[in-house]
There are 4 protein chains.
Amino acid sequence: VSTSYVRQADEASKRQTKLFSQLVSNRKLPTDGWNEQVIESFLLELSQLDSNNFLDNCGVGEREGRVYSKLVQRRNFGLHHGIGRSGDVSADQPKAIGSSIIAKLANILVADAMKISGLQSIDSTTTLLLPLCTGMSLCSVFNALRAHQREEQNAKEDERQNTIVWTRLDQKTCIKSILASGYDVCVVDPILEKDELVTNLQALEKELSAEENENTKKIACVVSSTSCFAPRASDDVEAIAKLCQKYNVAHVINNAYGVQSRKLCVKIEAAMRKGRVDCVVQSLDKNFLVPVGGAIVCASKGNGYLVDKVRKLYPGRASISSTLDVLITLLEMGKTGYERLLDERETNYEKLKMALERTASKYGERVLETPNNPISLGVTLTSSRNDLVTKFGSMLFTRRVSGARTVPMQETKKIGDVELRGFGASFSTYPTAYFTAAAAIGMREKEIESFELQLEKTFKDFVKLT
Amino acid sequence: VSTSYVRQADEASKRQTKLFSQLVSNRKLPTDGWNEQVIESFLLELSQLDSNNFLDNCGVGEREGRVYSKLVQRRNFGLHHGIGRSGDVSADQPKAIGSSIIAKLANILVADAMKISGLQSIDSTTTLLLPLCTGMSLCSVFNALRAHQREEQNAKEDERQNTIVWTRLDQKTCIKSILASGYDVCVVDPILEKDELVTNLQALEKELSAEENENTKKIACVVSSTSCFAPRASDDVEAIAKLCQKYNVAHVINNAYGVQSRKLCVKIEAAMRKGRVDCVVQSLDKNFLVPVGGAIVCASKGNGYLVDKVRKLYPGRASISSTLDVLITLLEMGKTGYERLLDERETNYEKLKMALERTASKYGERVLETPNNPISLGVTLTSSRNDLVTKFGSMLFTRRVSGARTVPMQETKKIGDVELRGFGASFSTYPTAYFTAAAAIGMREKEIESFELQLEKTFKDFVKLT
Amino acid sequence: VSTSYVRQADEASKRQTKLFSQLVSNRKLPTDGWNEQVIESFLLELSQLDSNNFLDNCGVGEREGRVYSKLVQRRNFGLHHGIGRSGDVSADQPKAIGSSIIAKLANILVADAMKISGLQSIDSTTTLLLPLCTGMSLCSVFNALRAHQREEQNAKEDERQNTIVWTRLDQKTCIKSILASGYDVCVVDPILEKDELVTNLQALEKELSAEENENTKKIACVVSSTSCFAPRASDDVEAIAKLCQKYNVAHVINNAYGVQSRKLCVKIEAAMRKGRVDCVVQSLDKNFLVPVGGAIVCASKGNGYLVDKVRKLYPGRASISSTLDVLITLLEMGKTGYERLLDERETNYEKLKMALERTASKYGERVLETPNNPISLGVTLTSSRNDLVTKFGSMLFTRRVSGARTVPMQETKKIGDVELRGFGASFSTYPTAYFTAAAAIGMREKEIESFELQLEKTFKDFVKLT
Amino acid sequence: VSTSYVRQADEASKRQTKLFSQLVSNRKLPTDGWNEQVIESFLLELSQLDSNNFLDNCGVGEREGRVYSKLVQRRNFGLHHGIGRSGDVSADQPKAIGSSIIAKLANILVADAMKISGLQSIDSTTTLLLPLCTGMSLCSVFNALRAHQREEQNAKEDERQNTIVWTRLDQKTCIKSILASGYDVCVVDPILEKDELVTNLQALEKELSAEENENTKKIACVVSSTSCFAPRASDDVEAIAKLCQKYNVAHVINNAYGVQSRKLCVKIEAAMRKGRVDCVVQSLDKNFLVPVGGAIVCASKGNGYLVDKVRKLYPGRASISSTLDVLITLLEMGKTGYERLLDERETNYEKLKMALERTASKYGERVLETPNNPISLGVTLTSSRNDLVTKFGSMLFTRRVSGARTVPMQETKKIGDVELRGFGASFSTYPTAYFTAAAAIGMREKEIESFELQLEKTFKDFVKLT
């Protein structure tokens, strides 16, 4: 073979090696995504650094990364040791150097992606990828907070913080995570401004202030939320952060699927800069287009005490699965791909809104005005009998529309011993039934078109029904 | 094609369909394992029942199982919705019928495998597969226990159970899980009987009895352990269970890697029958040869209150990854394969013991007599300087022996605010340094041979060193 | 789970089954492509019909589809028996019903795709997918032709047809396939019309006509070509077909990569309708975006005698690999995807032409006018020293441009005992050196842009050199 | 992480690199097989050397290795350019250095494996892996022989060799490959010695000798066979080779599935050393446990003229698929694994024989004595009506026994214009009907046991029938 051809092949091989080393040294998303084969090759190379893949390794421990099924081995790229050690979920594993590098890289790339979304103040050292969903991650944060506060204050039994103040959001996960970690909940309902449900800052301050509440010192933290179903708006996290600073109370932001919205990230960034934010928790799957399974806990640089505590309190090791999924995904997306997805989502939001307006107006309904919710949209179902509202959702599902959420008026639900009136709406007396639809990351334009079509048909059938 | 051939092919196809339906109706491990292709075909078939895989589905929710990377999609068989719902980690997901069936099946097969190991009293309704490792699972159990006890007793603040009694086992995970869930720890050290460290039942009873301890009612539960490093023996779980029954205290058994030993399972079975056992927790990966990531929480049939509470308290959904790994593995093993692995492990234990005896005796050392530890074996390192003991381990690792654990004398470690003297040995004054080796499930005979060879060489080099 | 959700899942499952049965009954490309998982599931289902995948099959033959490596098994979806039987490469295999169905389906879909390209007269019964490349397939056609002609004419030894008339095309494969099958070659050079090299019909007729050539009866067939490098044009296959009809000589069209061009297919269709075409041979990989390995032999409906003979003369069975690749690909493309690719290719041809014109004009060169070559384009390299022309190609390759072909003037090459002067240009005295570039199916617009950039740079460097 | 651990990982990585370079420099099967992941990593690394996988490659040729389907890409590891060039099927491809290396390696490892089987005289330079099955490969050999003989002798038309002498073997492939390449067949029937059908050397010599046959110079070659169904024995290839040398006639051995038998290889080796063997052809799939699709053409070192001619006459390139399959398989087997398979096959032959004897004797039948067929065994079906004999085979197939072959008496079949009486038995008047079973490589002991069981049941049913 002529040498010029061999030289080209050789350079191709070097370009790949360079790609790998650049990734490790740049600590950023690659500008352009990698192709699948390069990614697989990268993972297999790292996998060979784990002792279970050493040729002729002989294992005499109680866990040696042995796997029975080749199919299982393959889907895990031979990375069987999980991540973390019993002392720290971010610690390197001596037996599994490859897995350790993968965990570190995933953390770094996720932190970079979150910066791109607008969380400028965070940093890979204050970002922790947890192989737990948002709910369990919040639970870990609350457990860490308790451990921290006990150590800090060497508190006497009866002075221990036992209550978490929560701005109401009618989705079970967050409130359950508070209860699961052994705290009592103090619910702060939103207030209605036109169509929109916004943070009741006055009520919140009342809970925090010493005058009104003798038990102030028993409040462990405030939990606010950004991403949520319309007509609830994102909490005014900046104002909450300022209140928390004023009253010296910890502040945890539940940013479940907010990383996909630059608007929401800007709000959180402002809260971190101008007030107190101890920790922000977000879903991995909802924001980064991976299967359900992980979450991210982060804080602004220099303020990572709670993230560190979560890391260190975590007992034992954890699955590498969601770490692997997000690493592969971010490498394949690259910066360009991720930014394109963020852009497309914003465009889709506008398109979805117009589609909803077009259809709603034909049937005497309207889109709720919720300027502070950049992801979810609500449409009134005023003309329907309240008991038929949920039927509307199942009719949509039958037409292969998944994820629309119908909310009738005045349902009540009890979670633990907390009773929530008007459940679903996050408000006890929302004036209308409605359904919601979201412009989430990764939605394709085609889906909006097909949704409009099916919605139209559903309305038509629904009208006959009522 | 002659009809007889087509008939054969047709019957082959029916045999497969029958295989699938038999599995669902028998609710047991198949006698013989399935081959890889049948398993993949089964998973792909189920995967098509999840809405994200519906042809022409149009998603308008905030989580629609969208996945960016084909590579990620493939390794997850298109099962992106995870398992569970915000209300219950075992609940079916309307949007993901396939994933829901997979989760149920995995649970059923794991329960069957555990019965085969000897836990006859359990049942798939009292068995819960958690996508969390042992430590986090214990944490979930303790959280559930707290929630249960509060509900039960409607306890006043100052009467709440705040302490967990723990029979000492020097591995960080268990004690960290107690601390992480906000409990205080009361350590019960073992006693030394010949070489072996066994449960100090007297000391334990002292903690439980009203006379000696005014705070009895503040004890949330006792945590005992079965699988552990020699020379610590399995706890006498039967005796502990009887004490717990007598003093009406909850009892959680940490059976981390004990399912692989029929001996340990027999002990637990006896404990469940003759005394009080509220819950048994075990690792998925250490017992079933899958990657790190899951655990099993179980209880005897009719006594599943705590398992149920764990299920219901779990906030949000969870990764399907370890569920998938164990389902694939058990289908591939079948009952026959699983029993063979259990048999081989027992044979390997004897072989490993003999190999250690042969080598140890050449260098003036001996195997510690630990008849109540059926998995791990210890070998004295008496002739060595205490400060060189850990060196022995790293010399073995250099010779590609992973997992041997060296324990020097009189180290001390502080976990949270608990100080453990003689750390590593689970005993403050164990009379000798030693190293351990385990005959874990899946070990191959070849590994024992190669270990003996490398151990011999290591001893030779080590002797020169000291 | 609510029944409406289960019903949806159930319907999803039925939709898939319906998809499969529709494919089999429609015998056409699906309108929209299938996704990867549906395809895999389909293949695994069929694979279970092969006896090597029967549960508990016991094989006592000399070939039982046993495969050592799981990796190999997986990449072949367990389809190990290949296609065909010793009697006929299209015959069903009793032991491998699944593989047989796959082979049939691939054949049907390929025939449909070729019709979409414009070969309306063909039919799946006269279309044969061969697991051989174009060259070997031509060889098989010539072998079949010989067998047929011998049977037909019961020819005496000295009257046997021993010569194939070939319209010159300077690419080794076709001429080698003639020589390999034991025929002598009679070369008919093209004539130059402006820039373009077109079929010399007069010369061809001279060879065929009895008056000028006493050995007419010794001509086995004429081989013409459609797709080729510019400045050679597609042969005037319609005129050739008419001549072949007139002189009663068989006519084989080498349509190597012509299926991707509707223009070329229209020409062949006209030739089949208005004259004599015994068989058309085309590459699988060059037209359908699969790896190298297969070819298609076809004829118009009702005229499949030669295709049948190829099928029946094929000794033994053959690899299923390229059949599998093209089946997967066509299912994934669907009709819509395939048509889009055909459209894009035509657009790309225009873009490529404009890009070449822009760059060539800057350096005093020009694009050759070759209106009858809808795929390949030539650009003069007049200003260069003839001995540096090939350097131009390697300079492009160094800039990661692959596939450009540089042709210096007056090279000579001997293939077998046939001497070709002016080799590369398909003409002994083409008046200029040149290079070619092709707008092949699957080319992305980005590649054209990047090519223009690199070409510009290469010209700049090349000018300095000369 | 402690440096000793990192050092271990680093050394693991180096060991892998070393493994790769050792393979390339040793040019032998690795002693121990590689695991799947190492193999995948190796292939992906090589794949990156092909231009279609270069990052930012821009292709302007007519074939650029573009592939539409990710699924197709993955199953081919991105190796899309096939093997060979239009000039030579073994030539390196400038655009595909990785594929070229893979093709070379596969060739080298296959040659090494064949040496291990006993073909000591061959060499990787005289061994050619063809992506064609045995039949098409024989066809290529005959085509190459014609081309060679024409060049050599510059023969006049009427002196051309037009006949191939073939020792009869009733399997269609070989005779069809002779006919397909345009030769006439001269059949030499075997003679019956006790139960066994052995080479009729006298008849063969008669054909070759000038005295008896005036057309001697028209014989192109003799084709003998080794592996075959009992009661036909392996040809006495050594004696045939001596005759061929004596009469200066080429000799091609059809060793279809003989590489798996050391006994057959020893015979061929002797033939190559003591007489004339121009070429030996064998199946890839039947000998190396890969899917149907390839064959090996080889000759003794220094005598590779015909192999070379095959290589060079091959028109165009070819699929890499079977090359890839055998490379993966041999790397996974290693020398140890391959030798174990050879040993097991020999043991299985004895077991199968005993199983057949046990069962046959119960039903008044017996195993045919065929000491010169080390793979296949025949069992008489004397007591049956001749017209029911084939029924016996389909009864076995219904019991999931595949591959048993039943041969009734006195069938006649015409292939081309050759009539074969007593078809199936390779003999016009074999005295009994029978069925055959083979101990082929890769057979598992379990299959023999299950076969015995099913055979017993089939006999029982069959007896009732007759």
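Refer to the preceding data block for the structure.
Everything quoted here is computed from the prediction, not taken from an experiment.

What to know about the relation of the copies chain B and chain A
Then step 1. With an RMSD of 0.1 Å, the fit of chain B onto chain A corresponds to turning through 180° and sliding 0.0 Å along the axis. Within this description, the copies of the chain are treated as partners about a two-fold rotation axis. Residue B:Arg75 of chain B places its C-alpha closer to the rotation axis than any other residue of that unit, at 2.5 Å.
Then step 2. A shared interface surface links the copies, since 100% of the contact residues of chain B are contact residues in chain A too.

What to know about the interface of chain A and chain C
Then step 1. In this complex, chain A contributes 10 residues to the contact, which on the side of chain C involves 10 residues.
Then step 2. Buried surface at the junction of chain A and chain C, summed over both partners, amounts to about 1100 Å²; 53% is from carbon and sulfur atoms.
Then step 3. Counting every contact that joins chain A to chain C gives 0 salt bridges.
Then step 4. Our enumeration of links across chain A and chain C arrives at 0 residue pairs in polar contact (both at pLDDT 80 or more).

Some points on the interface of chain B and chain A
Then step 1. Facing 97 residues of chain B, the contacting portion of chain A comprises 97 residues.
Then step 2. Inspection of the chain B/chain A interface yields 10 salt bridges.
Then step 3. With a closest N to O distance of 2.4 Å, A:Asp325 and B:Arg75 form a salt bridge.
Then step 4. Where chain B touches chain A, the interface holds 42 residue pairs in polar contact (both at pLDDT 80 or more).
Then step 5. Looking at which element gives the most residues to the side of chain B that touches chain A, the answer is helix α12 (residues 321–362) of chain B, with 8 residues.
Then step 6. Residues of the side of chain B that touches chain A, tallied by class, amount to 40 nonpolar, 29 polar and 28 charged.
Then step 7. As defined by bridge partners, strand β12 (residues 401–402) of chain A adjoins strand β1 (residues 58–59) of chain B across 2 bridges and the pair is classed as parallel. The partner of A:Ser402 across the bridge, within β1(B), is B:Gly59.

A few points about helix α11 (residues 305–313) of chain A
Then step 1. Listed in full, the buried residues belonging to α11(A) are A:Leu306, A:Val307, A:Lys309, A:Val310, A:Arg311 and A:Leu313.
Then step 2. Close packing links the buried residues of α11(A) with β2 (122–130), α5 (134–153), β9 (279–283) and β10 (295–300) of chain A together with α6 (172–180) of chain B.

Notes on the environment of D:Val89
Residue and element names in this part refer to chain D.
Then step 1. By the element assignment, Val 89 lies in the loop between α3 (70–75) and α4 (97–117).
Then step 2. A residue is classified by how much of its surface remains accessible, and Val 89, at 4% relative accessible area, is buried.
Then step 3. Separated by 64 residues in the primary sequence, Val 89 and Ser 25 have C-alpha atoms spaced 23 Å apart.
Then step 4. Residues contacting Val 89, with those up to four places away along its chain left out, are Ile 83, Gly 84, Leu 128, Leu 130, Arg 311, Tyr 314 and Ala 318.

Topic: the packing of aromatic side chains
Then step 1. Evaluation of the coordinates by the stated rule reveals 41 aromatic pairs over all chains.
Then step 2. A connected cluster of aromatic rings, assembled from ring pairs, spans A:Tyr363, A:Phe392, A:Phe435, A:Phe459 and A:Phe462.
Then step 3. Above the plane of the ring of B:Phe229 lies B:Arg405, whose end atom (NZ or CZ) is 3.8 Å from the centre.

Quick look at unusual backbone geometry
Then step 1. Of note, the bond from A:Ala230 into A:Pro231 is cis; its omega dihedral lies within 30 degrees of zero at 5°.
Then step 2. Along the chain, A:Pro231 falls in the loop between β7 (219–225) and α8 (237–247).
Then step 3. One non-glycine residue, C:Lys194, lies in positive phi territory at about 55°.
Then step 4. On the secondary structure map, C:Lys194 appears in the loop between β5 (191–193) and β6 (196–198).

What about empty space enclosed by the protein?
Then step 1. Reported here for the largest cavity is a volume of approximately 750 Å³.
Then step 2. Residue lining of the largest cavity: 31 residues in total, with A:Glu40, A:Arg74, B:Arg74, C:Arg74 and D:Arg74 positioned closest to the centre.
Then step 3. Sorting the residues of the lining of the largest cavity by element identifies α2 (36–47) and α3 (70–75) of chain A, α2 (36–47) and α3 (70–75) of chain B, α2 (36–47) and α3 (70–75) of chain C together with α2 (36–47) and α3 of chain D as the ones contributing at least two each.
Then step 4. The class makeup of the residues in the lining of the largest cavity is 12 nonpolar, 6 polar and 13 charged.

Regarding the pairing of strand β7 (residues 219–225) of chain C
All names here are of chain C.
Then step 1. The element β7 is extensively covered by neighbouring structure, given that 7 of its 7 residues are classed as buried.
Then step 2. With 4 bridges joining them, strand β3 (residues 163–167) and β7 adopt parallel strand pairing. Following the sheet pairing, Thr 163 is matched in β7 by Ile 219.
Then step 3. Sheet topology note: the β7/strand β8 (residues 250–254) ladder contains 5 bridges and is parallel. Paired with Ser 224 across the two strands is Ile 253, which belongs to β8.

What to know about the nonpolar core
Then step 1. Ranked by internal contacts, the top residues of the largest apolar core, which has 394 residues, are A:Phe288, B:Phe288, C:Phe288 and D:Phe288.
Then step 2. When sequence neighbours within four positions are dropped, the list of residues in contact with C:Phe288 reads C:Val110, C:Ala113, C:Met114, C:Val259, C:Ile296, C:Val326, C:Thr329, C:Leu330, C:Met333 and C:Tyr338.

What to know about the sheet that holds strand β11 (residues 376–380) of chain A
Residue and element names in this part refer to chain A.
Then step 1. One open sheet holds the 3 strands; their spatial order is β11-β16-β13, and the pairing between them is antiparallel. Of all strands in the sheet, those bounded by a partner on one side alone are β11 and β13 (405–407). Each adjacent strand pair in this sheet contributes to an overall mean axis angle of 25°, direction not counted.
Then step 2. Note that β13 and strand β16 (residues 434–438) share 3 bridges and pair antiparallel. Across the sheet, residue Val 407 finds its bridge partner in β16, namely Tyr 434.
Then step 3. Helix-sheet contacts for helix α12 (residues 321–362) involve β11 and β16, and the interaxial angle to β11 is about 5°.

Some points on the relation of the copies chain A and chain C
Then step 1. Overlaying chain A with chain C gives an RMSD of 0.0 Å, the required rotation being 180° about an axis along which the chain moves by 0.0 Å.
Then step 2. Both copies contact each other with a shared surface, as 100% of the interface residues of chain A are interface residues in chain C too.

With respect to the side chain of D:Ser319
Then step 1. Tracing the backbone shows D:Ser319 in the loop between α11 (305–313) and α12 (321–362).
Then step 2. For D:Ser319, a relative accessible area of 14% puts it in the buried group.
Then step 3. One polar contact links the side chain of D:Ser319 to the main-chain amide nitrogen of D:Ser321, over a distance of 3.0 Å.
Then step 4. Sequence-distant contacts of D:Ser319, that is, excluding residues within four places in its chain, are made with C:Cys133, C:Val292, C:Gly293, D:Ile83 and D:Pro131.

Details of the sheet that holds strand β8 (residues 250–254) of chain D
All names here are of chain D.
Then step 1. If you trace the 7 strands from one edge of the open sheet to the other, you get β2-β10-β9-β8-β7-β3-β4, paired in mixed fashion. Where the open sheet ends on each side, the last strands, each with one partner, are β2 (122–130) and β4 (184–188). Neighbour-to-neighbour, the strand axes of this sheet turn through a mean angle of 25°, independent of strand direction.

Quick notes on the environment of B:Val110
Residue and element names in this part refer to chain B.
Then step 1. Locating Val 110 in the fold gives a position in helix α4 (residues 97–117).
Then step 2. Looking at Val 110, the relative accessible area reads 1%, which means it is buried.
Then step 3. In sequence terms Val 110 and Lys 267 are 157 residues apart; their C-alpha atoms lie 19 Å from each other.

Description of the packing of helix α7 (residues 201–208) of chain A against α8(A)
Residue and element names in this part refer to chain A.
Then step 1. Look at α7 against α8: their axes get within 11 Å of each other, and the N-to-C directions meet at 15°. It follows that α7 is roughly parallel to α8 by the angle criterion. When you trace α7 past α8, the crossing you get is right-handed. Where α7 abuts α8, its residues Leu 201, Leu 204, Glu 205 and Leu 208 lie against Ala 239, Ile 240, Leu 243, Lys 246 and Tyr 247.
Then step 2. Partitioning the contact of α7 with α8 into residue classes produces 7 nonpolar, no polar and 2 charged.

Considering the pairing of strand β14 (residues 412–415) of chain D
Residues and elements named next belong to chain D.
Then step 1. Where β14 lies against strand β15 (residues 418–421), 4 bridges are found, and the strand directions are antiparallel. Paired with Lys 413 across the bridge in β15 is Leu 420.
Then step 2. Here β14 hands over to β15 after 2 residues, with Gly 416 in that stretch at a positive phi of 60°.

Thoughts on the environment of C:Glu445
Residue and element names in this part refer to chain C.
Then step 1. Tracing the sequence through the fold places Glu 445 in helix α14 (residues 445–465).
Then step 2. Separated by 89 residues in sequence, Glu 445 and Leu 356 place their C-alpha atoms 14 Å apart.
Then step 3. For Glu 445, the contacting residues outside a window of four places in its chain are Asn 348 and Lys 351.
Then step 4. Separated by 3.2 Å, the side chains of Glu 445 and Lys 351 make a polar contact.

Cut-offs and rules
- Residues numbered from 1 in each chain as written.
- Chains lettered and ligands numbered in written order.
- Predicted model: local features only at pLDDT ≥ 70, side-chain atom pairs only at ≥ 80, totals over all residues.
- Heavy atoms only, no water.
- Least-squares fit on C-alpha atoms with pLDDT ≥ 70 in both.
- Contact = heavy atoms within 4.5 Å.
- Buried area = accessible area lost by both parts, 1.4 Å probe.
- Salt bridge = Lys/Arg side-chain N within 4 Å of Asp/Glu carboxyl O.
- Polar contact = N/O pair within 3.5 Å; in protein donor to acceptor, adjacent residues only side chain to side chain.
- Helix = DSSP H or I, 4+ residues; strand = E, 2+ residues; numbered from the N terminus.
- Nonpolar A, V, L, I, M, F, W, Y, C, P; charged D, E, K, R; others polar.
- Pairing = 2+ DSSP bridges.
- Buried < 20%, exposed > 50% of the residue type's maximum accessible area, 1.4 Å probe, protein only.
- Phe/Tyr/Trp six-rings, centres within 6.5 Å; stacked < 30°, edge-to-face > 60°.
- Lys NZ or Arg CZ within 6 Å of the ring centre and 35° of its normal.
- 1 Å grid on protein atoms, 1.4 Å probe; cavity = no way out; pocket = protein on both sides within 12 Å on 5 of 7 lines; lining within 4 Å.
- Points joined across faces, edges and corners; volume = space filled by probe spheres on them.
- Core = buried A, V, L, I, M, F, W, Y, C linked by side-chain atoms within 4.5 Å.
- Axes fitted to C-alpha atoms, helices over the stretch in contact; angles between N-to-C directions.
- Parallel < 35°, antiparallel > 145°, perpendicular 65-115°, else oblique.
- Left-handed = near helix turned anticlockwise from the far one by under 90°.

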